[in-house]
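The chain contents come next:
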Amino acid sequence: MINIERLAKALSRRFSEGEAFDLAKILSIAHDRRVISYQEIDLPSELKDELLMLLHRERLLISMRSSSRGGSAWKDKILSLEDQERYQMPRVVWHLIERADETGEWNIKYAEEQCLEEVGEKGIKEIIEFLNMLKMLTPDRKVTPEIMREVSGELNMILDIHQVIDEFTRCGIISAPIQASLRSGSAHYEINPSLY
């Protein structure tokens, strides 16, 4: 079971102290189950709705309901605030919460490393350097395979971009593809805001 006070301490560096404790309550349940339903959150409805909107926007929890046009990108998920609605925690966030429970710190590098190890990445140090450069160059949190190729070239890395995208997606570091640009035909990906 997650220590809510320690998690709230880590969250208070990213959110207001008033929000941090209630966010910690929600995230501790979601951490234990990986998926949480609206009705499992024991908070007043108005507060619960406000916090779930914040958690969804920050990609700490993702709604499991897709829009009518489908799509597995986070942007395509419809946030519904109803009793049967369910929300899942991306793998990288699970590790952020796990580490915050142990240390009271929001340790992004640790969470990224743990996820990449779980998906079988061998060059973790190199991939973390690559990811950090991507984050520096994309404050809007949007990346394309072309940007990834440029960054790997600047870092003199030979990377299989398709494999990196697959690993990042499985980790919850980036979303599934958002869209393809009509001009470039390229998919866009959203980097998880919790990693900034």
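Before any of the text, the structure's been laid out above.
Here goes a summary of the coordinates provided. What you are looking at is a predicted structure, and each value in this text was computed from that prediction instead of being measured. (Residues numbered from 1 in each chain as written. Predicted model: local features only at pLDDT ≥ 70, side-chain atom pairs only at ≥ 80, totals over all residues. Heavy atoms only, no water.)

Here we come to the environment of W106. Mapped onto the fold, W106 is located in the loop between α4 (91–103) and α5 (108–118). Those residues within four positions of W106 in sequence are excluded, and the remaining contacts are A10, L11, R14, L60, L96, I97 and S194. A polar atom in the side chain of W106 sits 3.1 Å from the backbone oxygen of S194. (Helix = DSSP H or I, 4+ residues; strand = E, 2+ residues; numbered from the N terminus. Contact = heavy atoms within 4.5 Å. Polar contact = N/O pair within 3.5 Å; in protein donor to acceptor, adjacent residues only side chain to side chain.)

Glancing now at unusual backbone geometry. For R59, which is not a glycine, the phi torsion comes out positive at approximately 60°. For R59, the location among the structural elements is in the loop between α3 (45–57) and β2 (62–63). Positive phi outside glycine occurs at R141, with the angle close to 70°. By the secondary structure assignment, R141 is in the loop between α6 (124–137) and β4 (142–143). Overall, R141 belongs to the partly exposed group, its relative accessible area being 25%. (Buried < 20%, exposed > 50% of the residue type's maximum accessible area, 1.4 Å probe, protein only.)

Next up on the list: helix α2 (residues 17–33). Taking 1.5 Å of rise per residue, the 17 residues of α2 would be expected to cover 24 Å, and the 25 Å separating its terminal C-alpha atoms lies within 8% of that figure. Listed as buried for α2 are A20, D22, L23, A24, I26, L27, S28, A30 and H31. Downstream of α2 by one or two residues, R34 has phi in the positive range, about 70°. (Expected span 1.5 Å × (residues − 1).)

Moving on, we get to α3. Its 13 residues give α3 an end-to-end C-alpha distance of 18 Å, which sits within 8% of 18 Å, the value for a rise of 1.5 Å per residue. Along α3, the residues classified as buried are K48, D49, L51, L52, L54, L55 and H56. Looking at the buried side of α3, the elements it contacts are α2, β2 and β3 (86–88). Taken from the residues just after α3, R59 is the one with a positive phi, measuring 60°.

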